[in-house]
Amino acid sequence: MQFGIFSVSDITRDPVSGETPSEAERIDAIVRIAEKAEEVGLDVFAIGEHHNPPFFSSAPSTLLSHIAAKTQNLIVSTATTLITTNDPVRIAEEYAMLQHLSKGRMDLMLGRGNTAPVYPWFGADIRQSLPLALENYNLLHRLWREDVVDWEGKFRTPLQGFTSTPRPLDDLPPFVWHGSIRTPEIAEQAAFYGDGFFANNIFWPKEHYMRLIKFYRQRYAHYGHGTEKQAIVGLGGQAYIAKRSQDALNEFRPYFNEAPVYGHGPRMEDFMEQTPLSVGSPQEVIDKTLTFREHFGDYQRQMFLMDHAGLPLKMVLNQLDLLGEEVVPVLRKEMEARQDPETAKPPTHAGRVKDKYGDGPARQPRPNANRGDNVTGGSPYQDVR
């Protein structure tokens with residue numbers, strides 16, 4: 001099982017010190033956080049996508065390329081890549097490049113986002129968000145699997161004889177998660193293509209996500225990708241950890257109370273009882289996280305949100321020490337001991353290459369010669385006639 005952290009890239013005032021970090025400070029901090037994640041033995045770091053203040057991650061593929069260059073084993077991913085307002089051609093190109101630069105240590109999560117104004121900023125209509133998500137991914141899926149694509153849809157100009165470059169590393173498209181908070185059509189889309197489904201699992205009661213994940217598993221099996229137990233599921237979660245439970249509650253309370261999303265609302269203890277938020281000792285965080293398996297079944301990836309609500313860098317790094325040294329090792333052991341043998345392994349590039357090629361060599365596309373007009377002709381690659 002894979003464990004990691006994800007960030008929404010918020011820049012939030014620290015309610016204890018009263019200071020708000022600059023964009024430059026927050027960007028430097030997130031790189032340090034990703035490096036720390038690898039240092040403490042986590043598997044994955046993911047960043048969201050936003051195009052407005054108070055967020056900084058408007059170019060996640062650029063940020064993740066930098067992080068991949070500064071790490072050795074960490075899988076870099078997105079906590080949301082906006083499939084609705086990004087051109088699927090650019091997603092295909094940018095993330096195939098990230099796949100090459102990271103030597104396969106990447107995947108991405110597609111979603112519609114939760115910022116309504118972003119749609120007109122990029123020339124899209126929010127009323128068409130679901131059809132946009134479905135059509136754009138249909139195109140993206142083909143761009144990574146077909147050397148030459150002829151395509152026509154409703155929301156962008158047609159493509160004739162188009163080749164997305166570079167081709168995916170080892171001719172194997174990046175693994176895709178489809179993230180959703182509430183939409184069964186996105187779970188259906190993930191199941192149809194045999195992709196992963198990621199349930200945000202932060203703000204809503206467990207019963208809500210149980211319905212979505214059960215539906216995804218049923219449809220995954222329906223489309224013939226495997227059994228319900230073999231479906232690929234990821235979960236989010238929130239945690240604040242301290243050696244002593246009361247210290248965790250006292251330290252996190254001012255950040256919870258002033259958080260932009262849930263501050264000035266329910267009491268922290270009530271929110272903890274009703275949602276996946278876990279604030280307490282390492283053992284308390286372990287115990288609550290283990291209940292996720294009871295509710296949702298075996299799953300492949302557990303991500304934690306730990307750098308939000310104005311928490312200063314020093315506090316976040318301390319959280320990662322506790323997560324990596326005292327929480328995740330126990331969760332790995334316990335999850336493995338309880339896991340059904342039918343459960344699919346977490347997706348990795350090396351494992352998927354093995355599944356596709358066995359012991360044979362992976363395809364390495366080599367372009368035909370430039371005809372003199374910056375194109376190669378009807379057959380762009382030497383191994384395709």
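Please refer to the structure placed before this passage.
Residues numbered from 1 in each chain as written. Predicted model: local features only at pLDDT ≥ 70, side-chain atom pairs only at ≥ 80, totals over all residues. Heavy atoms only, no water.

A tally of regular secondary structure across the protein chain gives twelve helices and 13 strands. For the protein chain, whose C-alpha radius of gyration is 21 Å, the value lies close to the compact-globule estimate of 21 Å for 385 residues. Oriented by its inertia axes, the alpha-carbon framework of the protein chain measures out at about 70 × 45 × 40 Å. The buried share of the protein chain, reckoned over its 385 residues, is 52%. Here the contacts in the protein chain between residues at least 6 apart in sequence split such that 70% fall between residues at least 24 apart. Counting every atom, the protein chain has about 17300 Å² of accessible surface; 51% of that belongs to carbon and sulfur. Measuring between centres, the 41 positive side-chain charges of the protein chain sit 3 Å from its 50 negative side-chain charges. (Helix = DSSP H or I, 4+ residues; strand = E, 2+ residues; numbered from the N terminus. Rg over C-alpha atoms; globule rule 2.2 N^0.38 Å. Buried < 20%, exposed > 50% of the residue type's maximum accessible area, 1.4 Å probe, protein only. Contact = heavy atoms within 4.5 Å. Areas by Shrake-Rupley, 256 points an atom, 1.4 Å probe, with all protein chains shown as cover. Lys, Arg positive; Asp, Glu negative; His and termini not counted. Charge placed at Lys NZ, Arg CZ, Asp CG, Glu CD.)

A few words on the sheet that holds strand E9 (residues 196-199). Spatial ordering of the open sheet is given by E3-E2-E1-E13-E10-E9-E8-E5-E4, a layout of nine strands whose pairing is parallel. Looking at the sheet topology across the chains shown, the edges are occupied by strand E3 (75-78) and strand E4 (81-82). Relative to strand E13 (residues 301-305), strand E10 (residues 233-235) runs parallel, the two being bridged by two bridges. Each bridged residue has a counterpart across the sheet, and for Leu235 the counterpart in E13 is Gln302. (Pairing = 2+ DSSP bridges.)

Further remarks concern unusual backbone geometry. Across the junction of Pro53 and Pro54, the peptide omega takes the value 5°, indicating a cis bond. Secondary-structure assignment places Pro54 in the loop between strand E2 (44-47) and helix H2 (60-70). Residue Pro166 is bonded to the preceding Thr165 through a cis peptide linkage, with omega at -5°. Here Pro166 lies in the loop between strand E7 (159-162) and strand E8 (176-180). One non-glycine residue, Asp171, lies in the positive phi region at around 55°. With respect to the secondary-structure elements, Asp171 resides in the loop between E7 and E8. In this structure Asp171 comes out as buried when scored by relative accessible area, which is 15%. Within the chain, Ala309 stands out as a residue other than glycine whose phi angle is a positive 60°.

So, on to the environment of Lys356. Within the fold, Lys356 resides in helix H12 (residues 349-357). Through-space distance from the C-alpha of Lys356 to that of Val40 is 32 Å; in sequence the pair is 316 residues apart. Setting aside residues no more than four positions away along its own chain, Lys356 makes contact with Asp171 and Leu172.

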